[in-house]
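Working through the structure, step by step
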Amino acid sequence: MRRPSIRPTLAPLFRVATVLMLGAAAGLPVGHAAGTAGDAGATRAADTAGYVEPDGAGVRLKLDPALSEERAEITEGRPVYARGQRLYGRAERETTLEGDAELRRSGTVVRGDRITYYEADDEVIGVGNVRITRQGNVFTGPQLQLKIDTNEGWFDSPSYYLPAYGGRGRASRVDFLGPEMMRLNQASYTTCEPDNPDWILLTDTMTIDQTQGEGTGRSARLYFKGIQILGAPVFAFPLSDERKSGFLPPSLSINSRTGGEIVVPYYWNIAPNRDLTLYPRLSMRRGLQLGAEFRYLEPSFFGRVAFDWNPKDLKTDSSRYYFNLTNRFSNWAGWDGGWDIRGVSDDNYFVDYSRSILSSAERVLPRQIFATRSLGQDWTALVNVQKWQSILDARPGPYERVPQVQLRNIKRGVAGFDIDTTLDATQFAAPLPSMVQGWRLVANPQVSYPIVRPGWFIVPKALLHLSSYQLDNPGAFPDSVHRVVPTLSIDSGLVFERPARFFGRDVTQTLEPRLFYARTPYRDQSRIPVFDTTVADFNFAQLFSENTFIGNDRIADVNQLTAAAVSRLIDPDSGAERLRFAVGQRIYFSEQRVAIPGVPPRTDERSDLLLAASGDLGRGMSFDTGLQYSFENSKIPRVSLLWRYLPPDGRILNVGLRYRRDELGQLDTSWRWPVAPRWTALGRLNYSFLDKGVDPISRIPNERGVIEAVLGFEYSACCWGTRFVVQRFQTAQGQATTAFFIQLELKGVARIGSDPFDILRRNIPGYRLPNDRPEVPSRYFGYE
């Protein structure tokens, strides 16, 4: 069973600190996740256990400050290259270079007006226009004193430039405190151009400790356009993407149902495989709300526990809550499984607190525990308990399974036959005391004989459906009822292909006709209750199914033939499918008599015609269409159209139409499009042109008008950007929620304000988060 990884929640606010450390450590071969690329003898990361291996040395070195002797052995003997207009000194004591002086060692280059190297102490003193280059990072200043071997010394009034991050800054002084520690005094940092930067980060002191993997500092101030927008007397931050406990950036937003609200999350890194995030939220209309999410990842199980609790809602004067417990486990005494348990305090919780149309559409919340295991070579077992909390218009809700026990046996290639047997026993509990409930026992053996050859296939199959019901509170139904229904089917198809040329391209064209026949005799099932069965949706997949119902309470009497064909255009070089066309129809040789109460049975002689086409048109354009045409009344009961334009430059345009007669009629378009230099418009409009039926996603009765709308703008400068987003969506019939999001992004440092990315990602297919993480440079990046 695949387990998701627990990803870091706390983004490093000052990720540049690691690079500062590496750039200042002139010549020290310290292994780090960022690498220490350079000349021969540079180290490289060997694995994730904290070891490095110097090239050609055959030595593995653990990153530990105590191992100074090993460091000395590795650095010992590495040559130092130097040049200058004048050279003088004393042998084996010091060497002084003047006039365009330069010293190289282990991938580090030091330049200056005068450089003195003391061989006995392995110390460099540079005076006048001193410049250190390492990994492409450049540090310049008037004076440097540094012991290369121990990385102890100082740099007076340095400025720095980090091309991999696009960042630069200054400090009054940098003190090198050892191989993996440094302190910056009166430091600044920005990713803007050096002249009059739009934003700048200032700190009184900042200490970088690579041994502990963190940085600490005092008196941090963040200025934007000359105005201080953030400040912290003390701060700490991780030096990498490793998780670190601490406060996350606060989030501000405005919502029409909760008013203005602020969230100040706190992240607790409990252990490498466990973490906890607290979400205290204060809103003007709802009061104080407490939220938490606990995640865990163990060798045999993983999951999360989340809840939101408002001890006293200011509008309803009541306590309100939501909880969600999910877990998946494997090999617990041979069992795999999990649980999904969700609940809310009242019917209107999602209406008042939801932040998207998906969460506001929740009507039936699962409370399920299930487990499966293998029983020998061919058998599997399932034990399932499933209950529900139904709210609003979903009442009284579906039947509950308390419990369900299922055994399944699958055998392949038994003298050419495939055998599939399902045995199921389920007790159904009614959502209302007056409704029928009881046990249902089902046995469903299937035998098929697949014959598959190059260019064609044929699969005959025989099925037998046996069921028995033992009912409580039967009402109009008998106390017990039994049913035996046989089914025969045969599936067959051909595959033709030929080379062809369309639109100036060579392609391989296929033609794949398929015939599927199914026969099930009529059995009277009117005295059997309906626990979990419904009419199957009519689509291409259902065309090749023996039963027109989903579930075991009804087995349709069918005598029908499905005829379909698919044609594809395939790129002969890559094998990629460029275009696909499909057509299919079902012919009925008898009327259907088995039905679900309230749904009349089918009486026509042939089904509607299904047509579908999809493909990649090139230049970022693609389409996907489906259409259902009725010969009986020459109308189109269902159609879906989707056209997408996603060129590599980041522009997005999606246009779609969804129509289902008497149920759904929506126009849906979304976009991300530049409208002016540095300005990009973002949005989505989902409009219903029907005023009847129920929306299949939100389960809200259709009303003519806007179902969901998003409108926003992005502004992107060289070193900062901002986003303004407004969203409005339906939460219930006649009710809607409006939310506002404003975010300021300082590239390379932080995003401040309310986070609109989940809203934009869900509403604009193809939208991607801006990537402010630099690519890891090669080992020869910035080599001089």
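Since the structure is predicted, the reported quantities are computational estimates derived from the model, not experimental observations.

Rules and cut-offs
- Residues numbered from 1 in each chain as written.
- Predicted model: local features only at pLDDT ≥ 70, side-chain atom pairs only at ≥ 80, totals over all residues.
- Heavy atoms only, no water.
- Phe/Tyr/Trp six-rings, centres within 6.5 Å; stacked < 30°, edge-to-face > 60°.
- Lys NZ or Arg CZ within 6 Å of the ring centre and 35° of its normal.
- Patch = residues over 30% accessible without salt bridge, like charges linked within 9 Å, V, L, I, M, F, W, Y side chains within 5 Å.
- Areas by Shrake-Rupley, 256 points an atom, 1.4 Å probe, with all protein chains shown as cover.
- Salt bridge = Lys/Arg side-chain N within 4 Å of Asp/Glu carboxyl O.
- Helix = DSSP H or I, 4+ residues; strand = E, 2+ residues; numbered from the N terminus.
- Polar contact = N/O pair within 3.5 Å; in protein donor to acceptor, adjacent residues only side chain to side chain.
- Contact = heavy atoms within 4.5 Å.
- pLDDT = per-residue confidence, 0-100.
- Core = buried A, V, L, I, M, F, W, Y, C linked by side-chain atoms within 4.5 Å.
- Buried < 20%, exposed > 50% of the residue type's maximum accessible area, 1.4 Å probe, protein only.

Some details on the packing of aromatic side chains
- In the structure shown here, the tally under the stated rule is 26 aromatic pairs.
- Taken together, the ring pairs connect Phe294, Tyr296, Phe301, Phe329 and Trp332 into an aromatic cluster.
- When the ring centre of phenylalanine 544 is taken as origin, the NZ or CZ atom of arginine 514, which lies over that ring, is 3.7 Å away.
- The ring of tyrosine 522 has arginine 593 sitting right over it, with the charged end atom 3.7 Å from the ring centre.

Concerning a nonpolar patch on the surface
- A cluster of nonpolar residues, Phe247, Leu252, Ile262, Val264, Leu282, Leu288, Leu290, Phe307, Trp309 and Tyr321, forms a patch on the protein surface that exposes about 900 Å² of accessible area.
- Elements supplying a minimum of two residues to the nonpolar patch: strand S24 (287-297) and strand S25 (301-310).
- In this structure, tyrosine 321 sits in strand S26 (residues 320-332).

So, the side chain of arginine 320
- Looking at where arginine 320 falls in the secondary structure, it is placed in strand S26.
- Reaching out from arginine 320, the side chain makes a polar contact with the side chain of aspartate 346 at a distance of 2.7 Å.
- A polar atom in the side chain of arginine 320 sits 2.8 Å from the side chain of aspartate 352.
- Setting aside residues no more than four positions away along its own chain, arginine 320 makes contact with Arg286, Asp308, Trp309, Asn310, Asp313, Ser345, Asp346, Asn348, Tyr349, Asp352 and Tyr353.

Let's talk about the confidence of the model for the protein
- Per-residue confidence for the protein averages 83 on the pLDDT scale, and 85% of its residues sit at or above 70.
- Every residue in residues 1-76 scores below 50 in pLDDT, and together they form 183 contacts with partners more than four places removed in sequence or on other chains.

Remarks on the nonpolar core
- Core analysis: the biggest nonpolar cluster contains 40 residues, and Leu144, Phe155, Trp199, Trp720 and Leu746 have the highest contact counts within it.
- Among residues more than four places away in sequence, those in contact with tryptophan 720 are Asp198, Trp199, Phe224, Lys225, Tyr715, Leu744, Glu745, Leu746 and Lys747.
- Counting residues in hydrophobic clusters, the runner-up holds twelve residues, among them Ala518, Leu543, Ala564 and Ile596.

Describing the environment of leucine 423
- Counting through the fold element by element, leucine 423 comes out in strand S31 (residues 417-429).
- Since its relative accessible area comes to 33%, leucine 423 is described here as partly exposed.
- Ignoring sequence-local partners within four residues, the contact set of leucine 423 consists of Trp379, Val405, Gln406, Leu407, Val442 and Ala443.

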